[in-house]
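# Coordinates in review
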Amino acid sequence: MPKAGFISLGCPKNLVDSEVMMGVLARNGYEFTPHAEEADVLVVNTCSFIAPAQKESIDTILEMAEYKKFGAAKKLIVAGCLVERFREQIFEQIPEVDAVVGTGEIENILAAVEGQLRSDAAAGAAELPSYLYHDLTPRILSTPKHAAYIKIAEGCDHPCTFCIIPQLRGKFRSRRFESVVREAENFAAAGVREVTLIGQDTTSYGEDLGLRDGLALLLERLAGVEGLQWVRSLYCYPNRVTQKLLDTIAAHPRIAKYMDMPLQHASRNVLARMKRGSNGDAFLQLLGRMRATIPGVALRTSFIVGFPGETDADFRELCDFVKAAEFDWMGVFPYSDVDNASSFALDEKVDEGTIKDRQGRLMSIQQKISARKLRRFRGQQVTALVEGPSKDTPLVWEARLEGMAPEIDGKLYLNDIEVPGTTISAQPGDVVTAEISETHEYDMVGRVVEILDVPRPAAAQAAVNAPVQRVLTGAALRILA
């Protein structure tokens, strides 16, 4: 059988696209390898959101191109967001590339691999992407066996001046409600304990289908899927967070008490230039309503520093806001000029040194907040989902609490996975009671006290006939195999 090697760069939304492409190839007889030198076909699924992501994508393509010279590779396919921006330049400047597959063309991956796709810049370049996968689309999961992402929508209609996602992924479009539910049910039947709903703006889910409070309705339905431990959603847009959504999260034990809401800034001036609107005071009121409605909710956000026109006063306002908001988790990104984003034409650019300094100062504030908030867990017993041996050291295992999203938040490191007084050890995917002994700025350390007997569907016990195929994540470059 021919072997394919995949490298998936960027966000979880891109990872789902890679899993779909892998599913299409697997259905047609392809095997997968984590070793680039063994692959007959190499596929690089790229990110092009900001300049560093573009550089990483190009560097990875060039690296994989070497395997056409010295490895077994006969074909090199470039997929994803970089194709939507630089389709013509990829063909002109990297002749080793045999075909490209844009974000709206991922179902054509087989044609690309087998040479049936037009290998020129004109192919697929005319229209905005409109593709949307569904529950019957072949897909191979690359996440751990107990976790999976579900993309509930694609594209975006927001006019944020720093963002080119609408150009890369097209207009906002929601998956059909029942299709998402069936996919979650299939995952649960295959032993998945946690599903994470993703999209460029999950809070707009269903609007194009005529649904009001579509995300709330979807979460409510998924909360009834037997076998799932947690259902969480990422990428909530602040002005789309309704009281119905908050009430739904609060009402159902299976819905993770967690909100990921990228705010981008707190200064009215900067938010206006970003074309996002609102201000820090309004955000504080919303955060207060979240905490009042959902006791113990974990809140995550992200900010951009150094946006054109951001003054010292704007940055001080952002710092004061972060101190007042006390987020559980926070990311800070330096502004990056992208030539076809609206913000590229804005004046009053902030120099690179100032941007880097502001990023460090803001993260320093959050570091102290995070360390203090985690300190309350010392000596406490908590419910955690066991991930498996740590990638950093084989001496400890990793786990996550309900308030920790996969890959982006802190971790619970387990230095003992054996239940006291027994010879029974926790396994990946087990839900356990853990006792916390140490806390740091972003992570915690503890030990397993008890393995909780959480009911699973009968199909998940055997998982022999489960409708979900899996591969394991390989090298650091996310070659999936």
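Here the structure is a predicted model, which is why all the values come from computation and not from measurement.

## Let's talk about the packing of helix H2 (residues 51–70) against helix H3 (residues 81–93)
- Where H2 contacts H3, the axes come no closer than 11 Å and their chain directions differ by 75°. As far as their axial angle goes, H3 and H2 are roughly perpendicular. Here H2 contributes Gln 54, Ser 57, Ile 58 and Ile 61 to the contact with H3, which in turn contributes Leu 82, Arg 85 and Phe 86.
- In the contact of H2 with H3, the residues fall into four nonpolar, two polar and one charged.

## Thoughts on empty space enclosed by the protein
- Using the criterion set out here, one finds one cavity of 30 Å³ or more in the structure.
- Within this model, the largest cavity holds a volume of roughly 50 Å³.
- Taken together, Asp 17, Thr 103, Ile 106, Tyr 131, Leu 132, Tyr 133, Lys 151 and Glu 154 make up the lining of the largest cavity.
- Among the residues forming the lining of the largest cavity, the class breakdown is four nonpolar, one polar and three charged.

## Focus on helix H10 (residues 280–293)
- Over its 14 residues, H10 extends 20 Å from the first C-alpha to the last, a length consistent with the 20 Å expected when each residue adds 1.5 Å.
- Buried residues along H10 sit against helix H8 (243–251), strand S12 (258–260), helix H9 (268–273), strand S13 (298–305) and helix H11 (312–325).

## A look at H11
- An ideal rise of 1.5 Å per residue puts 20 Å on 14 residues; H11 measures up with 20 Å between its terminal C-alpha atoms.
- For H11, the full list of buried residues reads Asp 314, Phe 315, Leu 318, Cys 319, Phe 321, Val 322 and Ala 325. Across the axial projection of H11, the buried residues extend over an arc of 160°, all falling on one side.
- On the buried face of H11, the contacting elements are H9, H10, S13, strand S14 (329–334) and helix H12 (352–375).
- Two residues or fewer after H11 comes Glu 326, characterised by a positive phi angle close to 50°.

## Topic: the side chain of Thr 433
- Along the chain, the position of Thr 433 falls in strand S18 (residues 431–439).
- In contact with Thr 433, other than residues within four places in its own chain, are Gln 381, Val 382, Arg 447, Val 448, Val 449, Glu 450 and Leu 452.

## Quick notes on the packing of aromatic side chains
- What the rule picks out here adds up to six aromatic pairs.
- Between Phe 303 and Phe 321 the ring centres are 6.2 Å apart and the planes differ by 90°, which places this aromatic pair in the edge-to-face class. Of the two residues, Phe 303 sits in strand S13 while Phe 321 sits in helix H11, which places them 18 residues apart along the sequence. Of the two residues, Phe 303 and Phe 321, neither departs from the other in class, the shared state being buried.

## Regarding the confidence of the model for the chain
- In this model, the chain carries a mean pLDDT of 91, and residues with pLDDT of at least 70 account for 92%.
- Low confidence marks residues 459–467, where pLDDT is under 50. Its contacts with residues over four positions away, or in another chain, come to ten contacts.

## Quick word on the sheet that holds strand S7 (residues 147–151)
- Spatially, the three strands line up as an open sheet ordered S7-S10-S11, and their pairing is parallel. Of all the strands in the sheet, just S7 and strand S11 (230–233) have a single pairing partner and so form its edges. The mean angle between the axes of side-by-side strands here comes to 20°, regardless of whether they run parallel or antiparallel.
- By the bridge criterion, four bridges tie strand S10 (residues 194–198) to S11 in an arrangement that is parallel. Following the sheet pairing, Leu 197 is matched in S11 by Ser 233.
- Each of S7 and S10 touches helix H6 (residues 177–189); the most contacted strand, S7, lies at about 170° to it.
- Together, S10 and S11 form the strand contacts of helix H7 (residues 214–222), whose direction differs from that of S10 by roughly 170°.

## Things to note about the sheet that holds S12
- Here we have three strands laid out as an open sheet, ordered S12-S13-S14, and parallel in their pairing. Edge positions in the sheet fall to S12 and S14, since each has one partner strand and no second. Each strand of the sheet is rotated relative to its neighbour by a mean of 15°, with strand direction disregarded.
- Pairing analysis gives three bridges linking S12 to S13, with the strands arranged parallel. Bridging from a neighbouring strand, Met 259 pairs with Leu 299 of S13.
- On top of the sheet, H11 reaches S13 and S14; it is set at about 170° to S13, its chief contact.

## Focus: the nonpolar core
- Met 259, Phe 321 and Leu 362 are the most contacted members of the largest nonpolar core, which totals 131 residues.
- No other element matches the seven residues that helix H1 (residues 12–27) contributes to this core.
- The contacts of Leu 362, once residues within four sequence positions are left out, are Phe 303, Val 305, Phe 315, Leu 318, Cys 319, Val 322, Met 330 and Val 332.
- Leu 42, Ile 90, Val 97 and Val 100 belong to the second-largest nonpolar core, a separate cluster that totals 19 residues.

## Re the packing of H11 against H12
- Packing of H11 against H12 leaves a shortest axis separation of 10 Å and a crossing angle of 15°. For the element pair H11 / H12, the angle class is roughly parallel. The element H11 and its partner H12 pack so that their crossing is right-handed. Contact residues: Asp 312, Phe 315, Leu 318, Cys 319, Val 322 and Lys 323 in H11; Arg 358, Arg 361, Leu 362, Ile 365, Gln 366 and Ile 369 in H12.
- Partitioned by chemical class, the residues of the contact of H11 with H12 number seven nonpolar, one polar and four charged.

## Focus on the side chain of Arg 169
- Looking at where Arg 169 falls in the secondary structure, it is placed in helix H5 (residues 165–169).
- Note on Arg 169: relative accessible area 2%, which makes it buried.
- A polar contact is formed between the side chain of Arg 169 and the side chain of Asp 17, at a distance of 3.0 Å.
- Non-local contacts of Arg 169, meaning those with residues more than four positions away in its chain, are made with Asn 14, Asp 17, Cys 81, Thr 103, Pro 129, Lys 151, Glu 154 and Gly 155.

What counts and how
- Residues numbered from 1 in each chain as written.
- Predicted model: local features only at pLDDT ≥ 70, side-chain atom pairs only at ≥ 80, totals over all residues.
- Heavy atoms only, no water.
- Axes fitted to C-alpha atoms, helices over the stretch in contact; angles between N-to-C directions.
- Helix = DSSP H or I, 4+ residues; strand = E, 2+ residues; numbered from the N terminus.
- Parallel < 35°, antiparallel > 145°, perpendicular 65-115°, else oblique.
- Contact = heavy atoms within 4.5 Å.
- Nonpolar A, V, L, I, M, F, W, Y, C, P; charged D, E, K, R; others polar.
- 1 Å grid on protein atoms, 1.4 Å probe; cavity = no way out; pocket = protein on both sides within 12 Å on 5 of 7 lines; lining within 4 Å.
- Points joined across faces, edges and corners; volume = space filled by probe spheres on them.
- Expected span 1.5 Å × (residues − 1).
- Buried < 20%, exposed > 50% of the residue type's maximum accessible area, 1.4 Å probe, protein only.
- Arc of directions from axis to C-beta.
- Phe/Tyr/Trp six-rings, centres within 6.5 Å; stacked < 30°, edge-to-face > 60°.
- pLDDT = per-residue confidence, 0-100.
- Pairing = 2+ DSSP bridges.
- Core = buried A, V, L, I, M, F, W, Y, C linked by side-chain atoms within 4.5 Å.
- Left-handed = near helix turned anticlockwise from the far one by under 90°.
- Polar contact = N/O pair within 3.5 Å; in protein donor to acceptor, adjacent residues only side chain to side chain.

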